[in-house]
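Per-entry structural report
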Amino acid sequence: MPDHPSGRHATALTNGRIALPDRVIIGPVLLIEGGKIVGVVRQDEIPENAHVLDVGGRIITPGLVDIHTHGAVHHSFNEPDAAAYEAITVENARRGVTSLLATLAAVAPIPELCACLDYCRSWMAGQHDGAQILGAHLESPFIDPAQAGGVNRKGLRTPADGSAESLLAYGDVLRLFVLAPELPGALDLVSALVRNGIMPAAGHSSCRDTDVAAAMDRGLRHITHIWSSQSSTIRVGPWRKPGLLEASLVFDGLTVEMISDNRHLSPTLMKLAYKCIGPDRLCVISDATSGAGLPEGSPFTIGGMAYEVRDGVGMLIGDDTTFAGSSTLLSQMLPVLIDEVGIPLVEAVRMASLTPARAIGWAERKGSLEAGKDADVAVFNPDFTAWRTMIGGRWIWMSDSPS
């Protein structure tokens with residue numbers, strides 16, 4: 001059960017490897033008080049009345065921030081009810097994820113998507129014992145059917161039909177909005193999203209690099225899951241025309257998502273993205289589905305379509321050619337980045353915390369263990385299973401506690 005300290009005393013985490021944005025330090029103490037990070041202090045600076053916790057040499061990181069996650073343990077954020085939200089957020093918290101965007105798939109008519117956004121808004125107004133929802137992320141119906149991936153194509157539309165208008169009223173909750181920038185009316189929709197405080201993202205698209213550049217002129221700043229449902233170079237006569245993939249790798253001014261489950265992308269592709277984009281713009285995401293947290297062979301559904309967890313990833317039943325999102329939550333992507341791709345621990349952690357927090361405008365409060373920020377902290381075992389998870393100064397998950 002979560003531990004809810006009164007907040008009258010400070011908490012000092014000792015004997016850990018503390019992951020700061022630019023280095024890992026051993027010896028100092030992470031001090032927390034009043035739901036905020038006080039800072040990194042010496043042993044002799046621990047207040048007398050502080051609760052001291054020896055973490056046994058484990059890794060102390062900022063709570064992870066997953067800006068693209070659809071669900072877990074048989075539930076998705078397309079279910080606007082407390083049971084689904086609680087199951088997903090608690091499962092994320094027990095994996096060291098302290099903040100997330102409730103990601104909706106375009107598997108329902110727009111009025112139903114609006115109902116999901118209404119519910120997300122109401123959930124955010126309360127206090128819950130799970131990962132904090134910072135807003136919603138909509139993989140919208142305004143995508144190219146040829147790049148739909150595991151998404152049901154039946155409900156797809158074009159921005160020119162005007163049906164996006166009702167979604168623009170959710171600027172207070174909707175943080176990211178995925179669309180294909182080459183579709184009719186897409187550029188005007190990008191402008192409208194920006195006016196309403198919603199970040200447009202390019203994804204599930206067959207666009208060319210010129211479409212991306214035109215959308216960037218209107219305010220596009222984010223790219224969804226690189227290599228997944230993205231156009232690449234084609235030949236037009238003798239000319240080679242770059243697509244969304246090449247724009248993602250080359251264009252400055254974009255933050256880019258990468259699914260790092262070692263299934264969607266090979267280590268070589270992940271290393272290429274890291275080298276081209278860098279840890280300050282490349283965001284690790286889970287793209288987790290309702291199959292996340294389930295054992296191998298487990299069935300699950302997305303929008304009436306049947307999938308299963310197979311070889312560590314979501315697959316459409318009867319189709320060995322299409323991934324249906326990930327079955328891995330964010331913390332277990334860190335060993336892939338460190339051990340398989342060769343990214344330094346400090347940068348891998350940053351790509352799963354500060355970089356995504358900055359991408360969605362939350363870096364002043366989330367994503368790093370800096371003084372004054374929310375006390376969102378994960379303490380990981382060497383294999384990046386979570387030992388303890390703190391959100392806002394409260395221990396939400398403790399692996400050594402009785403159930």
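Here we summarise the structure given alongside this text. (Residues numbered from 1 in each chain as written. Predicted model: local features only at pLDDT ≥ 70, side-chain atom pairs only at ≥ 80, totals over all residues. Heavy atoms only, no water.)

1. Some thoughts on the overall build of the protein chain
The cut-off we apply is this: Going along the chain from the N terminus, every DSSP run of H or I of four or more residues is numbered as a helix, and every run of E of two or more is numbered as a strand. Radius of gyration: C-alpha atoms only; globule rule: 2.2 Å multiplied by the number of residues to the exponent 0.38. Relative accessibility under 20% of the residue-type maximum defines a buried residue, over 50% an exposed one, and the middle range a partly exposed one, all with a 1.4 Å probe and only protein chains included. Only the protein chains shown count as cover for residues, and the accessible areas themselves come from Shrake-Rupley with a 1.4 Å probe. Here the positive residues are Lys and Arg and the negative ones are Asp and Glu; neither His nor the chain ends is included. Charged groups are reduced to one reference atom each: NZ for lysine, CZ for arginine, CG for aspartic acid, CD for glutamic acid.
Of the regular secondary structure elements, the protein chain holds 9 helices and 26 strands. At 21 Å, the protein chain has a C-alpha radius of gyration in line with the 22 Å of a compact globule built from 403 residues. When its C-alpha atoms are laid out on the principal axes, the protein chain stretches across 70 × 45 × 45 Å. Here the protein chain holds 403 residues, and the buried ones make up 58% of them. Here the protein chain displays about 15500 Å² of accessible surface, and carbon together with sulfur accounts for 52% of that area. Each charge class in the protein chain was averaged separately, 32 positive and 45 negative side chains, and the resulting centres sit 4 Å apart.

2. A closer look at the sheet that holds strand β23 (residues 323-326)
The cut-off we apply is this: Two strands are counted as paired when DSSP detects at least two bridges linking them. Lines fitted to the C-alpha atoms define the axes, with helices restricted to the stretch that makes contact. Angles between their N-to-C directions range from 0 to 180 degrees.
Strand order in the open sheet formed by 4 strands is β20-β21-β22-β23, and the pairing between neighbours is antiparallel. Looking at strand neighbours, the two that pair on one side only are β20 (299-302) and β23, the edges of this open sheet. If you compare each strand with its neighbour and ignore which way they point, the axes differ by 35° on average. By the bridge criterion, 2 bridges tie strand β22 (residues 313-316) to β23 in an arrangement that is antiparallel. Following the sheet pairing, valine 313 is matched in β23 by serine 326.

3. Some details on the packing of helix α1 (residues 82-93) against helix α2 (residues 110-124)
Quick reminder of the rule: Each crossing gets its hand from how the near helix is turned against the far one by less than a right angle, where anticlockwise is left-handed and clockwise is right-handed. Should any heavy atoms of two residues lie within 4.5 Å, those residues are counted as being in contact.
Contact geometry for α1 and α2: axes closest at 11 Å, N-to-C directions at 60°. The handedness of the crossing between α1 and α2 is right-handed. Together, Ala82, Tyr85, Glu86 and Thr89 of α1 and Cys116, Tyr119, Cys120 and Trp123 of α2 make up the contact between the two elements.

4. Some words on the sheet that holds strand β4 (residues 29-33)
What links the strands of a sheet is backbone hydrogen bonding, and the strands pair in either a parallel or an antiparallel sense. Overall, mixed pairing links the 4 strands, which are arranged β5-β4-β1-β6 in an open sheet. Unpaired on one side and paired on the other, β5 (36-41) and β6 (51-54) mark the two borders of the sheet. Strand after strand, the sheet turns through a mean of 20° between neighbouring axes, direction not considered. Bridging between β4 and β5 involves 5 bridges; their strand directions are antiparallel. Considered in β5, the bridge of isoleucine 32 is made with isoleucine 37.

5. Structural notes on the side chain of serine 331
Mapping serine 331 onto the fold places it in the loop between β23 and α7 (334-341). In this view, serine 331 contacts Leu64, Arg95, Phe380 and Phe384; residues no more than four positions away in its chain are not counted.

6. Examining α2
Inclusion rule: Given the number of residues in a helix, its expected span is that number minus one, multiplied by 1.5 Å.
Here α2 contains 15 residues, and its C-alpha end-to-end distance of 21 Å stays within 8% of the 21 Å for a straight helix at 1.5 Å per residue. Those residues of α2 that sit buried are Ile110, Leu113, Cys114, Cys116, Leu117, Tyr119, Cys120 and Trp123. For α2, the secondary structure elements touched by its buried residues are α1, β11 (97-105), β12 (132-139) and β13 (174-179).

7. Here's the deal with helix α6 (residues 267-277)
This is how it is decided: In this description, one arc is meant: the one made by directions from the helix axis to the C-beta atoms.
Buried residues of α6: Met270, Ala273, Tyr274 and Ile277, and no others. Seen from one end, α6 has its buried residues packed into an arc of 100°, which puts them on one side. Turned more than 90 degrees away from the buried face of α6 sit Thr268 and Lys275, all of them exposed. Contact partners of the buried residues in α6: α5 (244-250), β18 (255-259), β19 (282-285), α7 and α8 (345-351). The first or second residue beyond α6 is glycine 278, which carries a positive phi of 85°.

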